[in-house]
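Geometric and topological summary
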Amino acid sequence: MNIGEKTSAFFLRRQTKTGGYVMKLIINSELKNKCGYGSSEYWFSFRDYAVTSIKNLACADKPNNMGQMEYFFSLGLIPFVSVSNEEIMRAFVKTKENKKLDEVFDKLDGDELVDGFWKYYNAFYEFRNGFEEFQSKYINERIARWCEENSIEYAFE
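What comes next is a walk through the structure.

Grouped burial of nonpolar side chains is what soluble globular proteins tend to show. In terms of nonpolar packing, the biggest core is built from 33 residues, with Leu25, Phe44, Phe80, Phe117 and Trp146 touching the most fellow members. Those elements that provide at least two residues to this core are β3 (21–27), β4 (42–45), α3 (85–95), α4 (99–106), α5 (110–123) and α7 (131–149). Ranked by residues supplied to this core, first place goes to α7 with 7 residues. Setting aside its immediate chain neighbours within four residues, Phe80 contacts Leu25, Leu31, Lys34, Cys35, Tyr42, Trp43, Phe44, Val51 and Trp146. Ranked by size, the runner-up nonpolar core spans 6 residues in total, among them Leu57, Met66, Phe72 and Leu77.

Below you can see the structure in the form of structure tokens.
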């Protein structure tokens, strides 16, 4: 497999007492940007802990009788965690513990939810208070949970 120049490796390698190495995925702002917007564009490599856009993964060596995803899995690649704006916004609304607000947002999906969220955000300071911190923390927690589900050691930068 040939990985293009835009590959990003996010790892810390440390030597163990037995002389081997342990890799840890480093969760930082650059990595967090790769899981946003609900995109399934990025893939994680167990081999080198690189997170790479599917656009930069070459399939020249892929056997004809194998699908693209099967091929990626055979190379030790898995889809990187994806967190949509809608998911973050829904979770943030739930933190407000406001039944009326929940009722409004429970009826909205997709673009309607996003538009409605930004209307409330811009109109009410109490609503938007703490959103940026919540968003960062939420994405950190989602990446950490994804790492645990996939037996990937991680650390926060």
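There's more to say after this.
In terms of burial, β3 is largely enclosed, as 5 of its 7 residues are buried. With 3 bridges joining them, β3 and strand β7 (residues 154–156) adopt parallel strand pairing. The partner of Ile26 across the bridge, within β7, is Ala155.

Right, let's talk about the pattern of salt bridges for a bit. One pass over the structure, following the stated rule, counts 8 salt bridges. A salt bridge links Arg90 to Glu86; its shortest N-O distance comes to 3.5 Å. Of this pair, Arg90 and Glu86 both sit in helix α3, 4 residues apart, which is roughly one turn of the helix.

This paragraph deals with the packing of aromatic side chains. Across all of its chains, the model carries 24 aromatic pairs by this definition. Plain terms: the ring middles of Phe92 and Phe131 are 5.0 Å apart, the flat faces sit at 75° to each other, and that makes the pair edge-to-face. Of this pair, Phe92 sits in helix α3 while Phe131 sits in helix α7, placing them 39 residues apart in sequence. Side by side, Phe92 and Phe131 carry an identical accessibility label, which is buried. With centroids separated by 4.8 Å and ring planes inclined at 75°, the aromatic side chains of Trp118 and Tyr121 adopt a geometry described as edge-to-face. With Trp118 and Tyr121 both in helix α5 and 3 residues apart, the pair spans about one turn of that helix. Residue classification places Tyr121 among the buried residues on the basis of a relative accessible area of 12%.

Thresholds, definitions, all that
- Residues numbered from 1 in each chain as written.
- Predicted model: local features only at pLDDT ≥ 70, side-chain atom pairs only at ≥ 80, totals over all residues.
- Heavy atoms only, no water.
- Core = buried A, V, L, I, M, F, W, Y, C linked by side-chain atoms within 4.5 Å.
- Buried < 20%, exposed > 50% of the residue type's maximum accessible area, 1.4 Å probe, protein only.
- Helix = DSSP H or I, 4+ residues; strand = E, 2+ residues; numbered from the N terminus.
- Contact = heavy atoms within 4.5 Å.
- Pairing = 2+ DSSP bridges.
- Salt bridge = Lys/Arg side-chain N within 4 Å of Asp/Glu carboxyl O.
- Phe/Tyr/Trp six-rings, centres within 6.5 Å; stacked < 30°, edge-to-face > 60°.

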